Amino acid sequence: MSDNSFGTLFRVTTWGESHGPAIGCVIDGCPPGVLLRTEDIQARLDRRRPGTSRFVTQRKEADQVRILSGVFEDDRTGGPRTTGTPISLMIENTDQRSRDYDDIRDTYRPGHADYAYDAKYGLRDYRGGGRSSARETACRVAAGAVAERVLDALYGGAVRIYAGLVAMGPHKVDPARVDWETVSENPFFSPDPVAAVEWEGVLDGARKSGDSLGALIEVRATGVPAGLGAPVYGKLDSDLAAALMSINAAKAVEIGDGLAAAMITGTGNADEMREGKGGPTFLANHAGGVMGGISTGQDLVARVAIKPTSSILSPRRSVTADGVETEVVTKGRHDPCVGIRGVPVAEAMMACVLADQALRHRGQTGRLGPAG
């Protein structure tokens with residue numbers, strides 16, 4: 001079993017390699033009757049698409065998605081509707097340059113999965129990293145678009161998911177300037193427009209010196225009802241952490257205050273409550289919208305740390321598959337900060353987890369929200 005699938009009821013399987021003819025995914029468990037247009041998926045893919053600015057890889061992929069199955073339309077449906085059968089999505093690869101990787105065919109690139117794949121499988125697709133390439137995340141974004149449509153159908157558009165870059169390397173956003181409505185107005189998906197301008201020079205400098213930078217992505221969901229998730233082994237936050245950690249180059253995940261919660265007292269960490277309309281009103285959200293593995297109705301807040309891109313022009317010491325010591329310079333077209341295009345990927349993983357948890361909650365309780 002190769003673990004190319006995730007989710008319980010809303011289950012996604014991705015397939016394909018970076019330099020193969022195509023990539024795609026199969027989504028099983030989507031309820032029937034959900035309105036799903038190609039343009040709904042394409043709009044999400046366009047945000048992740050390479051070549052959109054000088055700050056991302058210049059590989060020119062249109063990322064045009066095709067819905068191959070699981071959707072039907074005629075004069076009675078009011079648009080294309082999911083049928084309840086597996087939804088198959090395909091994205092063709094059109095701008096591969098496999099020759100760029102000939103020099104590293106037998107050499108392990110530091111920071112990449114080359115050696116680990118060889119150790120596990122005994123062979124690897126060295127062209128662009130094959131299955132380990134971040135190219136695979138386009139499939140997740142496509143699946144996330146379907147998950148968003150499911151959430152819209154279940155909750156009437158009340159659930160909203162958004163993310164942004166809150167740090168690039170050591171350079172952080174200023175909380176006083178954060179405006180989530182400005183995320184789409186700069187090439188970094190940053191909620192701090194001033195920081196976004198400053199980061200242009202920072203990233204240009206790193207790229208010109210043959211280096212790269214890491215990033216911190218914050219992803220949020222509003223309108224999530226209380227009650228999603230389950231105690232112990234089906235926790236909403238553990239599913240979300242696993243989903244975010246599965247993103248290429250992810251090295252850490254925080255929920256709510258995350259690591260900072262270990263540095264404060266119990267009185268400072270407790271999210272106090274007062275009686276509110278239709279349930280308690282929380283006076284803080286240190287927990288990030290999850291308590292005991294179950295959503296509280298507050299905003300769901302998570303952060304994922306993305307390491308610097310390992311494909312850099314600066315020479316790095318390594319060895320070949322035959323044990324010969326060497327130096328590696330990675331050619332090709334690569335993101336100087338892969339965290340930028342990781343923003344829509346984080347949104348997609350949040351959507352997939354929430355869609356899955358919502359369907360599981362409905363299956364167990366017969367409800368979409370809290371008891372009462």
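Residues numbered from 1 in each chain as written. Predicted model: local features only at pLDDT ≥ 70, side-chain atom pairs only at ≥ 80, totals over all residues. Heavy atoms only, no water.

Trainee: What am I meant to see in the overall build of the chain here?
Mentor: Counting its regular elements, the chain contains 7 helices and 18 strands. Principal-axis analysis of the C-alpha atoms gives the chain an extent of 65 × 55 × 40 Å. Residue pairs at least 24 apart in sequence account for 70% of intrachain contacts in the chain once pairs closer than 6 positions are excluded. Of the roughly 17400 Å² of accessible surface on the chain, a fraction of 52% belongs to carbon and sulfur atoms. Charge separation in the chain, taken as the distance between the mean sites of 43 positive and 47 negative side-chain charges, equals 1 Å. (Helix = DSSP H or I, 4+ residues; strand = E, 2+ residues; numbered from the N terminus. Contact = heavy atoms within 4.5 Å. Areas by Shrake-Rupley, 256 points an atom, 1.4 Å probe, with all protein chains shown as cover. Lys, Arg positive; Asp, Glu negative; His and termini not counted. Charge placed at Lys NZ, Arg CZ, Asp CG, Glu CD.)

Trainee: Looking at this structure, how should I read the pattern of salt bridges?
Mentor: For side chains bearing opposite charge, pairing can occur when the charged atoms are close. By the definition in use, this model includes 22 salt bridges. Across the pair Asp 152 and Arg 149 runs a salt bridge, and its minimum N-O distance is 2.9 Å. Taken together, the residues span about one helical turn, with Asp 152 and Arg 149 both in helix 3 (residues 137-155) at a distance of 3 residues. Taking the shortest distance from any N to any O, the salt bridge between Arg 207 and Asp 204 comes out at 2.8 Å. Linking Arg 207 with Asp 204, this pair stays in helix 4 (residues 193-208), spanning 3 residues, or about one helical turn. Linked by salt bridges that have partners in common, Arg 109, Asp 114, Asp 118 and Arg 124 make up one network. (Salt bridge = Lys/Arg side-chain N within 4 Å of Asp/Glu carboxyl O.)

Trainee: What's the story with the pairing of strand 13 (residues 279-282) in this structure? I'm lost.
Mentor: Every other side chain in a regular strand lies on the same face of the sheet, so the side chains alternate between the two faces. Relative to strand 13, strand 12 (residues 273-276) runs antiparallel, the two being bridged by 4 bridges. Bridge pairing in strand 13 places Gly 276 opposite Gly 279. With antiparallel pairing between neighbouring strands as the criterion, strand 12 and strand 13 make up a hairpin whose turn holds 2 residues, including Gly 278 at a positive phi of roughly 80 degrees. (Pairing = 2+ DSSP bridges.)

Trainee: Looking at this structure, how should I read helix 5 (residues 236-245)?
Mentor: Residue pairs three or four apart in sequence face the same way in an α-helix, which turns once every 3.6 residues. Of the residues making up helix 5, those classed as buried are Leu 236, Leu 240, Ala 243 and Leu 244. Here the buried residues of helix 5 occupy an arc of 95 degrees about the axis, which is enough to place them on one side. (Buried < 20%, exposed > 50% of the residue type's maximum accessible area, 1.4 Å probe, protein only. Arc of directions from axis to C-beta.)

Trainee: Quick question: what am I supposed to make of the side chain of Asp 114 here?
Mentor: If you trace the backbone, Asp 114 turns up in helix 2 (residues 114-121). What makes Asp 114 buried here is its relative accessible area of 4%. Apart from residues lying up to four places away in sequence, Asp 114 is in contact with Thr 107, Tyr 108, Arg 109 and Arg 124.

Trainee: Which parts of the structure should I look at to understand the nonpolar core?
Mentor: As a rule of thumb, soluble globular proteins bury nonpolar side chains together. Phe 10, Ile 340 and Leu 354 are the most contacted members of the largest nonpolar core, which totals 79 residues. Broken down by element, this core gets its largest block of residues, 14 residues, from helix 7 (residues 339-365). With residues near it in sequence (within four places) discarded, Phe 10 still touches Ile 27, Asp 28, Cys 30, Ala 143, Val 146, Ala 147, Val 150, Cys 352, Ala 355, Asp 356 and Leu 359. (Core = buried A, V, L, I, M, F, W, Y, C linked by side-chain atoms within 4.5 Å.)

Geometric values such as these leave the question of function open.
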